[in-house]
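This is what each chain is made of:
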Amino acid sequence: MHPTPDEQLQAVLRRLDEVNAEPSLPPPAREALDDARRLLRRLERSWAQRLPFLLLDNHLAVELLRSLAPLLPDLSAEIDAATAEHSSVTAPTSPRSTVDEATAHDLNKRLQGLLGRAVHLLPDGAEGDAGRARIADHLRSRLAADPTLNRTPTDRRQREEPHP
């Protein structure tokens, strides 16, 4: 189907480049235009990678929350609900169904919120400290892999697989 999102972004960027080449463009307008071009280039680099990132991040967050659930009785119902929602978001309902990015993003926000709350609800002592360290590792990893934040996101699958 044409124009694709990539083609549309490229057309918008070309048009902005044409406007930017106008010699009479006032400096404040040129700065605003440069900002818009920078944001569109970031979107162009990251949009195709965003859904795979969200799906992997959601999966890893659910697995982490499941493993910490025995230490988090106050969050058990919410962890169970997030786990069920994760299963419904990733399980196709028909051969033609697709995963909706907005739904994956909303789930991602809830999962990150649960992880944030878990940090405060984990018990004192070695088990709680280990759980907090695992959450911190997860958050560092997700930041490094987020295609919207990085020009060359780190492939989390490489880090998540055990090394021989």
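Heads up: the structure comes first, above all this text.
Bear in mind the structure is a predicted one, so any value in this text is a computation, not a measurement.

Topic: the overall build of the chain
In terms of regular secondary structure, the chain is built from six helices and zero strands. Among the 164 residues that make up the chain, the fraction classed as buried is 29%. Sequence-distant contacts, at least 24 apart, represent 64% of the contacts inside the chain between residues at least 6 apart. Of the accessible surface of the chain, which amounts to about 10500 Å², a share of 57% is contributed by carbon and sulfur atoms.

Section: the environment of D17
Assignment of secondary structure puts D17 in helix α1 (residues 5-20). Judged by relative accessible area, D17 falls into the partly exposed class, the value being 32%. Note: C-alpha distance between D17 and D34 (17 residues apart in sequence) is 9.1 Å.

Thoughts on the packing of helix α2 (residues 27-68) against helix α5 (residues 126-145)
At a closest axis distance of 11 Å, the pairing of α2 and α5 adopts a crossing angle of 180°. When the interaxial angle is binned, α2 and α5 end up roughly antiparallel. On α5, the residues that touch F53, D57, L60, A61, L64, S67 and L68 of α2 are G131, R134, I135, H138, R142 and A145. Among the residues making up the contact of α2 with α5, the classes are represented as seven nonpolar, three polar and three charged.

So, the environment of D146
Summarising the element assignment, D146 is placed in the loop between α5 and α6 (156-160). For D146 and Q49, which are 97 residues apart along the polypeptide, the C-alpha to C-alpha distance reads 8.7 Å.

Observations regarding the nonpolar core
Grouped together as the largest cluster of nonpolar side chains are 22 residues, with contacts concentrated most on L65, L72, L75, L111, L115 and I135. For this core, the secondary structure elements donating two or more residues are α2, α3 (76-90), α4 (101-121) and α5. By residue number, the principal contributor to this core is α2, which donates seven residues. Not counting the four nearest positions on each side in its chain, L75 is found in contact with L114, R117, A118 and L121. Core analysis: the next-biggest nonpolar cluster, separate from the first, contains six residues, L9, L25, L33 and L40 among them.

Re the pattern of salt bridges
Following the criterion strictly, the structure yields 13 salt bridges and no others. Here R15 and E18 are joined by a salt bridge, their closest N and O atoms 3.1 Å apart. Remark: E18 and R15 occur in helix α1; sequence separation between them is three residues, near one turn of the helix. Its salt-bridge partner being R37, residue D17 comes within 2.9 Å of it at the nearest N-O pair. One end of the pair, D17, is in helix α1; the other, R37, is in helix α2, with 20 residues separating them in the sequence. R37 sits in the buried class, given a relative accessible area of 13%.

Some words on α3
Taking 1.5 Å per residue as the helical rise, α3 with its 15 residues ought to reach 21 Å, and the 21 Å between its terminal C-alpha atoms agrees with that figure. Three or more residues of α3 are buried, namely I79, A82, T83, H86 and V89. An end-on view of α3 places all buried positions within 125° of arc, on one side of the element. Exposed residues pointing more than 90 degrees away from the buried face of α3 are listed as A77 and D80.

What counts and what doesn't
- Residues numbered from 1 in each chain as written.
- Predicted model: local features only at pLDDT ≥ 70, side-chain atom pairs only at ≥ 80, totals over all residues.
- Heavy atoms only, no water.
- Helix = DSSP H or I, 4+ residues; strand = E, 2+ residues; numbered from the N terminus.
- Buried < 20%, exposed > 50% of the residue type's maximum accessible area, 1.4 Å probe, protein only.
- Contact = heavy atoms within 4.5 Å.
- Areas by Shrake-Rupley, 256 points an atom, 1.4 Å probe, with all protein chains shown as cover.
- Axes fitted to C-alpha atoms, helices over the stretch in contact; angles between N-to-C directions.
- Parallel < 35°, antiparallel > 145°, perpendicular 65-115°, else oblique.
- Nonpolar A, V, L, I, M, F, W, Y, C, P; charged D, E, K, R; others polar.
- Core = buried A, V, L, I, M, F, W, Y, C linked by side-chain atoms within 4.5 Å.
- Salt bridge = Lys/Arg side-chain N within 4 Å of Asp/Glu carboxyl O.
- Expected span 1.5 Å × (residues − 1).
- Arc of directions from axis to C-beta.

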